[in-house]
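Observations on chain architecture
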Amino acid sequence: MIPRHVVMKLTLPLCLVALAACGFHLRGTGQQLVQMPPVFLTSSSYRESDFALADGLSQIGALAADRGSAGRVELVREQLRRRPLATAGQGSATHYELRLELTYRFYVDGKGVEGEQSNKREGGVTRSVYAERNYEFDVNNLATNSQEEELLMTEMRRELAGQIVRQLAAMQESSVER
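Residues numbered from 1 in each chain as written. Predicted model: local features only at pLDDT ≥ 70, side-chain atom pairs only at ≥ 80, totals over all residues. Heavy atoms only, no water.

Comments concerning the confidence of the model for the protein chain
Mean pLDDT over the protein chain works out to 81, with 79% of the residues at or above the 70 mark. When pLDDT is averaged over each element of the protein chain, strand E4 (residues 125-136) comes out on top at 95 and helix H1 (residues 4-21) at the bottom at 75. Under a pLDDT of 50 for its full length, residues 113-121 has, in the predicted model, 20 contacts with residues more than four places off or in other chains. (pLDDT = per-residue confidence, 0-100. Helix = DSSP H or I, 4+ residues; strand = E, 2+ residues; numbered from the N terminus. Contact = heavy atoms within 4.5 Å.)

Below, the structure written as structure tokens:
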């Protein structure tokens with residue numbers, strides 16, 4: 001018979017290995033470990049992506065309240081593409097792909113970041129990030145489909161805001177080092 005304390009010590013690592021082996025992972029639940037100087041978020045519209053980026057910056061204490069901060073970021077464009085991946089016998093789609101692309105422009109001290117490809121006419125560095133998700137579409141349950149699509153959109157916006165925050169931190173760090 002195996003002693004009880006040995007079984008208890010082996011149970012937790014075995015469960016963790018089993019979860020990792022099946023592909024389980026937590027998405028977006030942890031705090032970002034990014035530190036960066038405050039940036040001002042210029043928002044010409046009230047898109048949900050603007051709010052997601054503001055939330056991501058404020059979570060790490062990097063959202064400036066005024067334009068006097070060292071950096072400035074603005075979301076230039078949000079593009080959503082929804083395309084069918086599979087169709088049923090009648091030609092109706094059964095699976096869709098959502099692709100959300102955000103384009104942003106970043107300025108440090110009113111200029112683009114050195115060493116980065118800048119848009120000369122407008123100043124600043126322009127970059128794009130994107131996220132894709134696939135989901136099953138049930139023609140008989142349209143309300144659930146729209147709820148699932150909204151949930152996926154919210155998740156993608158949060159993911160893209162995190163990508164932008166990490167890229168901004170890296171750009172600010174590289175401009176300080178030069």
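After presenting the structure, the write-up continues.
Topic: the nonpolar core
Ranked by internal contacts, the top residues of the largest apolar core, which has 35 residues, are Met36, Leu53, Leu57, Val73, Tyr104 and Leu168. Going through the elements one at a time, strand E1 (39-42), helix H2 (48-59), strand E2 (71-87), strand E3 (93-108), E4 and helix H3 (142-177) are the ones with two or more residues in this core. At 10 residues, the largest contribution of residues to this core is made by H3. Contacts of leucine 57, omitting those with residues within four sequence positions, involve Met36, Val39, Ala62, Leu63, Val73, Val165 and Leu168. (Core = buried A, V, L, I, M, F, W, Y, C linked by side-chain atoms within 4.5 Å. Buried < 20%, exposed > 50% of the residue type's maximum accessible area, 1.4 Å probe, protein only.)

Remarks on the sheet that holds E3
Read across the open sheet, the 4 strands follow the order E1-E2-E3-E4; overall the sheet is mixed. Of all the strands in the sheet, the pair left with one neighbour each is E1 and E4. Strand-to-strand twist across the sheet, computed as the mean angle between neighbouring axes with direction ignored, equals 30 degrees. In this structure, E3 lies alongside E4, joined through 12 bridges in antiparallel fashion. Each residue of the ladder has a partner; that of glutamate 101, found in E4, is tyrosine 130. Sitting on the sheet, H2 touches E1, E2 and E3, and the angle it makes with E2 is about 125 degrees. (Pairing = 2+ DSSP bridges. Axes fitted to C-alpha atoms, helices over the stretch in contact; angles between N-to-C directions.)

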